[in-house]
Every structure is written in structure tokens, then in C-alpha cells.
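Fold and contact review
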Amino acid sequence: MGEPRRLILILVVALLIFLPPLLTSYWVGLLTQMMIFAILAMSLDILLGYTGLPSLGHAGFFGVAAYTVAVMSTAYHASFWACVVGGIVVGTLLGVAFGLLVSHVRGVYFLMITLALGMVLWGLSYRWIPVTGGDNGISGIPRLEAHAGLPMTGPIPFYYVTLLVFIACSVLLAVFVSSPFGFTLRGIRENESRMKSLGFNTWLHCYLSYVIAAAFASVAGVVWAYYNGFVSPTYLDLTASSELFLMVTLGGPGTLAGPVLGAGAIVLLKNVISAYTQRWLLILGTIYIVTILGAPQGLWNLRQRHTSRVH
Amino acid sequence: MIYLTTQTLNGLFSAALLFLIASGLTLVFGVMRTVNIAHGSFYMLGVYVAYTVITRTQSLFLGALTAMVVVAAVGLAVQHLFLRRFASQPLAQMMMTMGFALVFRDAAFMIWGGDPFTLPYPAGLRGSINVADIVFPAYRLFVIVVAGVVGVLLWIVNEKTFVGAKLRAAVDDAEMAAGTGINVALLSGLVFAAGAGLAAFGGVMGGPILGGYPGMDFDLLPLALVVVIIGGMGSLKGALIGSLIVGMIDNFGKALVPELSYFTLFAPMVIVLAIKPTGLYGRA
């Protein structure tokens, strides 16, 4: 990591720690949302950017984890830690099961199959009404502060809990992508047959990458369930998955800062634009097209290319 | 027995519609090696355009024709202006079509509003046909026949004409085909437009029964994808077999275990993928 990047990182973390008490609760909420989706986008980037597997059903894990928290906390009145662990375990186990179906396919086939599996999960949330409440979703998820027994309530304590989770996930993912395992994933992305002939079990690497991505997406889903207090099928449909895909593409696949940047940009735009117009999908679609035309490698990589030319 | 026959005919009707839509998707994949996420949008646009024309002119034929032409032109424009420059970058093309899917979805909502509607039945096909205690809507039979005719036409074009030969060459190996002087870019544009037109036609054919409503584009897309995945991407024969399998299973699944209808639909896909990842008739 170069000096300017380290400086930016320290500055961003400092801002995230010290700025919120000075902001209105609207902006604190927005920052919280950005961090939750940043975790989710980073988890997708493990697949899309680092391993080269375009997963178009990734919002499914996020949604299933959120639904697990919702069902456990409302129908079974489970304790806080049971809900947290339950959400992460169910989401990850789903990754373990789905991974078996998708890890041997590549490229556009991978994309279609993950899309279809994502639609299965959406269909389940939509049709399995006794458990999921169908289109109405599940409301009444307890506030995190109360559920966890924190002494304070309000957006600020929730923000700092999210920040803690966000930093923990970022550090874990940073360690993960710079580990030998992470480099093997990049090797598979660049040239799988060469990695195979070097003796790597590429199937197993892709499988584990899929499961790990599902696990981090589940973490984001658990935090989201508490943040929102409500879950519905819209959080795991194709639009959600493609929005996520855009966060990574727009920000810069194959980096961790890129997805964070992309998630921040999309969440910000979505909230700001939705305040003025109902035409969010139209604008989202246009951002998609413009991104592919203008910055197919993502904003972060654009900047990187620029600085590397300067030095 | 009567129940079984009626359900089978219903399944055939679903299969017929699916074939009209999935055949375009599979051909586009064959030539361009990319998944067209906007394919469901073309199906949706077809219904909406036809609806507008039919309410103005009262002519079903004119409505269907306009829908096909307009949607094919939109498809051609998308391919020519936006997708063509990303040839051999399937992921960029896919994301581009996803952007268009979102734009089309919202544009349709903006233009036509959110009220669901159905297209009128053609004259003479409103009633039902009774054969030996089995009562079956005439229109559904008509759609099955039409899809059969389209299937045969596609087969003839693909196997017996010069354009079809070029197409097969491009599907087989686009680079070699281009090397022998085939204009693959032009061919891709034509196939994309034809696929869009077929999807629109499928939408119009299903219009009297399924109608038009916001969200129909993404309702249909996974079904068409499952058909193409099961049949094998790029194969017309695969699209036919896949449509039959998905149409039947979807129909019987919905009738027998409605809560699990999504599972009964995706189970065969999972089985096929586990045994043959490229689908029944696809090639790696």
C-alpha cells in the first residue's frame, strides 16, 4: 500500500469515528446504510473481482440472513446472540449448499445459475407466506440496542456498532485477499488452467471463495435486519442483486476500496434522488450504462491508473 | 384422466410461450456469448406496445405486428449502439443489458402506468373446444399451434438457408466465421433484433391470458433462463426440450404443490446442471 493511500485510509477512518456526533440523524443513518452495503459489496467483490465469478444472486445471502434474524426475533423471541449467530450460520450454510451447485461452472454459465438460484430465494420469500409473510414481509424486529441490552439507544450507538462490524470485516477481508489463498483466487481469475496445472485445486478454491463471500454477505444481512427493523422480498430480488453488482463495478472490482466507494455512491444517490423523484430505477439503469461506457474498470481503478501515471 | 389431459394441455401452452421467448434468448447467447438480461423487458415492451396499438386501432394483427417491429428496432438499436463495441466482453455486455432492463422497466411504468391489463382475444378464439368430455380454451390451442409453426420456421431458417448456415458457423466459432468473410457483427445485430421481436411476439401471444403488469419482465426472465440452462445455451432444439420440461413441471407443480412452485421449477435445472453443466444440448 502506497503512502497516499494509507493517508486516505487513516483520514477516512478518523472521519468515520469522529464526525457522526456532529451530524444530523439523517446523515448518521445514511452513513450506517453505506457501511452495511459496503460490507455486502466487498463480499461480492471476493467473487466478482478477485475470483472472477460473476454472481448475480448475491443479495440472496444477505436477504436470507436478514430473514433469519427477523423470524427468530419475532416468531421465536430468540435472544440477541442467537439471532446474530443464527443469521450468519443460516446464510453461510446456504452458501455451503449452493456452492456445490455452482463451483464447477464459470463465466456466463455461473452468472445464469446464480441468477436463477437468487430467484429461488426470492420466490421462497415471496411465496412461503406462513414463515416469511409474503409480500408484506416481517416487521417488528426489535431495536438492536434494546435486544443486545446496550445502555444507550438511538442512531449514534447503532452507528458505532455498525462501524465496529465494518472495520472488523474490512480488516478480515484485507487479510484474506492478501493471503496466499487470496492470491490463488486472483491466479484462477487470470488463468485457471495454468493454476490447475500448477497443482491447485481450483474447484475447492472457488467453492471456499463462494462460501466466504456468502458468510460476509450474511453478516451484512444481520446488521441490515436490525437497522431496518423490517424485511421484505425486495431485499433479495434481481434488482437488489444487480444494484449490488453495480456497486462493485462502479467502484472498482478486484479492490476492497472500490466496492466501499461504489456502495457509498449508490446508497447516497439512491437516498438523495429518491427524495426528489420516483424514477430511481431509470437513473440506476442509466448509471449502469454510463459506467460500462465510461469507467468499465471502476472509479477506484481509474484513480489508481491516474496516480500510477503521475509517479 | 380428464384432469391429467387438461393439465398437460395447460403445460403445453406454457411451454409454447416459453419457447417463443427462450428461443430468442438462446440464439442471442449462441452468437454473442452473452446473457441478455433485457430479454424479459422486450417481452414486456411487446405487450405494452401491442396494447397501445390495439386500443387505438382495434386490430390485433396490427398490434402484434407493430409490437414485433418496434421491439425488434429497439433491440437492434441497443445492440448496434451499445453492445457491439463490447464484442467478446460478455460481462460488460451483460451489465449493459441489465442497465437497459432497469431503464425499460421504469420507462414502461412511466409511459403506461402501473395498472394491469389483458389484451383482447382474437375473434373466433374466445370459446373453448370440447372433445370427449375435455373442455379446453381454443385460444390456448391456437398458441400451441403458432409456437409449433414458429419452431418449424426457425428450424428451416437455421438448417436450410444460407443465413442459417452463416449463423451456425458464427455460433460454432465466431472468429473463424469472421475469417471466412461472414459479417458476424451484422449477424449479431440481426439475431439480437430477431430475438427481441420473438420475445415481443411471445408477449403478445400470452397477452389475452397473462396480460401486462409492472414486474412481468423479471417474472419471466428466470423461467426463460431455466429453459435455456436446461436445454443448453445456443441450441434451438435445447430451447424446445427445455420449454417442454419447464412448462410441464411449472404447470403441474403449481397445480399440485403451489407453495413450492419455485422449487419444483428449479429442481430439474439443478439436476441437469449436476449431470451436464452445459445443458442437454449445449456444447462447452
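Description of the structure in this document. The shown structure was predicted, so the numbers you read here are calculated from the model rather than taken from an experiment.

The rules behind the values
- Residues numbered from 1 in each chain as written.
- Chains lettered and ligands numbered in written order.
- Predicted model: local features only at pLDDT ≥ 70, side-chain atom pairs only at ≥ 80, totals over all residues.
- Helix = DSSP H or I, 4+ residues; strand = E, 2+ residues; numbered from the N terminus.
- Rg over C-alpha atoms; globule rule 2.2 N^0.38 Å.
- Buried ≥ 20, exposed ≤ 12 C-beta atoms within 10 Å, placed from the backbone.
- Contact = placed C-beta atoms within 7 Å.
- Nonpolar A, V, L, I, M, F, W, Y, C, P; charged D, E, K, R; others polar.
- Arc of directions from axis to C-beta.
- Pairing = 2+ DSSP bridges.

Moving on, we get to the overall build of chain B. What chain B contains, in helices and strands, is eleven helices and two strands. Across chain B, helices and strands are ordered from the amino to the carboxyl terminus as α-α-α-α-β-β-α-α-α-α-α-α-α. Since a compact globule built from 284 residues should have a radius of gyration of about 19 Å, the 19 Å found for chain B is in line with a globular shape. Taking the principal axes of the C-alpha coordinates as reference, chain B spans close to 60 × 45 × 35 Å. Looking at chain B as a whole, 54% of its 284 residues qualify as buried.

A separate point is the interface of chain B and chain A. Between chain B and chain A, the residue contacts involve 32 residues of the former and 32 residues of the latter. For the side of chain B that touches chain A, the leading source of residues is helix α4 (residues 90-112) of chain B, giving 15 residues. Per-class residue counts for the side of chain B that touches chain A are 25 nonpolar, three polar and four charged.

In this section: helix α9 (residues 180-190) of chain A. For an α-helix the count is 3.6 residues per turn, leaving residues at separations of three or four pointing the same way. Residue and element names in this part refer to chain A. The set of residues buried in α9 consists of Thr184, Leu185 and Ile188. Buried residues of α9 fall within an arc of 105° about the axis and therefore sit on the same side. Facing away from the buried side of α9 by over 90 degrees, the exposed positions are Pro180, Phe183 and Glu190. Summarising the contacts, the buried residues of α9 are in contact with α2 (25-51), α10 (192-197) and α11 (202-228).

What follows covers the pairing of strand β1 (residues 128-131) of chain B. Residue and element names in this part refer to chain B. In terms of strand pairing, β1 meets strand β2 (residues 134-137) through four bridges, oriented antiparallel. Note on β2: the bridge partner recorded for valine 131 is isoleucine 134. The antiparallel hairpin formed by β1 and β2 contains two residues in its connecting segment, where alanine 132 sits at a positive phi of about 45°.

For the rest of this paragraph, the subject is unusual backbone geometry. Residues other than glycine seldom take positive phi values, yet A:His77 does so here, at roughly 50°. In this fold, A:His77 is placed in the loop between α3 (59-74) and α4 (80-102). On the basis of neighbour counts, which here come to 10 C-beta atoms within 10 Å, the residue A:His77 falls in the exposed class. Positive phi values are uncommon outside glycine, yet B:Gln58 reaches one of about 65°. Tracing the sequence through the fold places B:Gln58 in the loop between α2 (39-57) and α3 (60-83). On the basis of neighbour count, B:Gln58 is assigned to the exposed category, with 10 C-beta atoms found within 10 Å.

Residue and element names in this part refer to chain B. Looking at the element boundaries, glycine 151 is found in helix α5 (residues 138-160). The sequence separation of glycine 151 and lysine 237 amounts to 86 residues, and the corresponding C-alpha distance is 9.2 Å. The contact partners of glycine 151, leaving out residues within four places of it in the chain, are Phe19 and Leu240.

Don't take any of this as a statement about function, it's just geometry.
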